[in-house]
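Single-letter residue listing:
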Amino acid sequence: MGSSSGHSGAVHVVGAGLAGLSTAVSLAAGDRPVKIYEAAAQAGGRCRSYEDTRLGCRIDNGNHLLLSGNTATRRYLNATGAGNALIGPEQACFPFFDVRNGRRWSFRPGAGRIPWWIFDKRRRVPGAPAWRYLSALRFAFAGAESTVRETVGNSGVLFERLWEPLAVAALNTSASTGAARLLWPVLRETFARGEKACRPLVARHGLSEAFVDPALRMLRENGAGIRFKKRLQAIEYREGCARALDLGSETIPLQDGDSVVLAVPPAAAAALVPGLTVPEQSNPIVNVHFLLSRPADLAPELPFLGLIGGTAQWLFVRGRIASVTVSAGSDLVGEPAEVLAVRIWRDVAKALAMDPQALPRYRVVKEKRATMTQTPSQVRRRPATTCGYSNLFLAGDWTDTGLPATIESAIRSGESAARAACARSPLKA
């Protein structure tokens, strides 16, 4: 993605979260001059690791489960030299545990585009007959206003043990209100392509080690300028173009041929771009990290567990750190940390065969605006990469990538913004 597809002016990327890093990496890989401005003191946004003083160790800000069919994520990691930063099983396997009765099972999609594996009781969700899986096809024809629950119905174990956990994890929105049409591209690009495309992946060492640190090294090696604690206050516009960036303490004039990519949260983008329509509602994610007294007994290549019937939804284990994610956690985000920790530890202790009364040291991380609320009404408000100004483009998992607001969506949005910046015509003098 070099200057051969356009001109070679600099691209000013505002925001060093995953969308901004993806934009910058795509441009730098094509030898395009890149300048990055980040309001925080570090890069990565919600996808990063940090040293936690309470636990005395390094933890991820949140937990992320990816799939081998996430092609944009693969491109990004390969471009930054972090192609081996994710680990997972040699074959697709999703282990689950029901905290109500202690039952364990694994969902194991098979190879091939024709899902013959649904006729194998050892592979499918227990208690769900094979013909029930045909309900997945309904997502392909879901209307713009359809919710997940309306599309596949809410009766039966397949909904409880597969569609609802998948919807909540992918959409960070309940199945009763989440937009069904967003799940179809996820299914089409992963599960519908066979088990090689839906193998679960997690960061080998940490989110920063996988997604942030290698990208920053690659960008610096390619001459990209990265400035932290630089919050964009306003954009100066003239004649349908962005002409200057107001950073408060300084103003950055835009030269002929320069472009700007806004990789900031939707509310910030709306404040900077006149007339821009963006999603207005967001949903929280609650993460709880426990420092275990001993390493948990989970396979190293499969260090996660889906939890059914309790408060916790997904459990991730790395060494002595057990991390829990609760998506669409609006009913939990207001609870005191100590109450949440006790409540969630009960689920974790059952899953890991530990003492539910022996609450270990913990850290509760509440992301109150983790993602946009992915209901049909809010999905309609997702803007395109272009936004009405000839040299200004948008990136973020909240833009209209066609996917849920996930890591894969953020990275694809950055790739789209980079292509658009390279393809535009120069500014008029």
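Up top is the structure these notes are about.
Keep in mind that this is a model prediction, so the values were computed, not measured. (Residues numbered from 1 in each chain as written. Predicted model: local features only at pLDDT ≥ 70, side-chain atom pairs only at ≥ 80, totals over all residues. Heavy atoms only, no water.)

Throughout the structure, instances matching the rule amount to 14 aromatic pairs. Between F94 and F304, the aromatic rings sit 6.3 Å apart at their centres with planes inclined by 70°, giving edge-to-face as the arrangement. With a gap of 210 residues between them, F94 in strand 7 (residues 94-98) and F304 in strand 16 (residues 304-308) connect regions that are remote in the sequence. Each member of the pair, F94 as well as F304, carries the same accessibility label: buried. On the basis of an interplanar angle of 65° and a centroid distance of 5.5 Å, the ring pair of F107 and W117 is categorised as edge-to-face. With F107 in strand 8 (residues 104-107) and W117 in the loop between strand 8 and helix 3 (148-152), this residue pair connects regions lying ten residues apart in the sequence. Take F107 and W117: they sit in the same class, and that class is buried. Pairwise contacts between aromatic rings join F94, F96, W105, F107, W117, Y133, F191, F304, W314 and F316 into one cluster. (Phe/Tyr/Trp six-rings, centres within 6.5 Å; stacked < 30°, edge-to-face > 60°. Helix = DSSP H or I, 4+ residues; strand = E, 2+ residues; numbered from the N terminus. Buried < 20%, exposed > 50% of the residue type's maximum accessible area, 1.4 Å probe, protein only.)

Moving on, we get to the sheet that holds strand 6 (residues 86-87). The three strands are arranged 5-9-6 in an open sheet whose pairing can be described as antiparallel. Each having just a single partner strand, strand 5 (66-67) and strand 6 make up the two edges of the open sheet. (Pairing = 2+ DSSP bridges.)

A few words on the pairing of strand 15 (residues 282-291). Across a regular strand the side chains alternate sides, sitting on one face of the sheet and then on the other. Counting buried residues along strand 15, nine of its ten residues qualify, which places the element largely inside the surrounding structure. Across seven bridges, strand 15 lies against strand 18 (residues 321-327) in antiparallel orientation. Along strand 18, the bridge assignment pairs N287 with T325.

Below, the discussion takes up the side chain of E415. You can see E415 is positioned in helix 10 (residues 407-423). Within the structure, the side chain of E415 is placed 2.8 Å from the side chain of R75, a separation counted as a polar contact. (Polar contact = N/O pair within 3.5 Å; in protein donor to acceptor, adjacent residues only side chain to side chain.)

Strand pairing in a sheet relies on backbone hydrogen bonds, with the paired strands running either antiparallel or parallel. Pairing is parallel in the open sheet, where five strands are placed in the order 10-2-1-14-20. Sheet topology places strand 10 (225-228) and strand 20 (392-394) at the edges, where each strand pairs with a single neighbour. For this sheet the average axis-to-axis angle between neighbouring strands, irrespective of direction, equals 15°. The sheet contact formed by strand 1 (residues 11-14) and strand 2 (residues 34-38) spans four bridges and is parallel. Residue pairing across strands places H12 opposite K35, the latter belonging to strand 2. Most of the contacts of helix 1 (residues 18-29) go to strand 2, to which it runs at about 170°, and overall it touches strand 1, strand 2 and strand 14 (259-262). (Axes fitted to C-alpha atoms, helices over the stretch in contact; angles between N-to-C directions. Contact = heavy atoms within 4.5 Å.)

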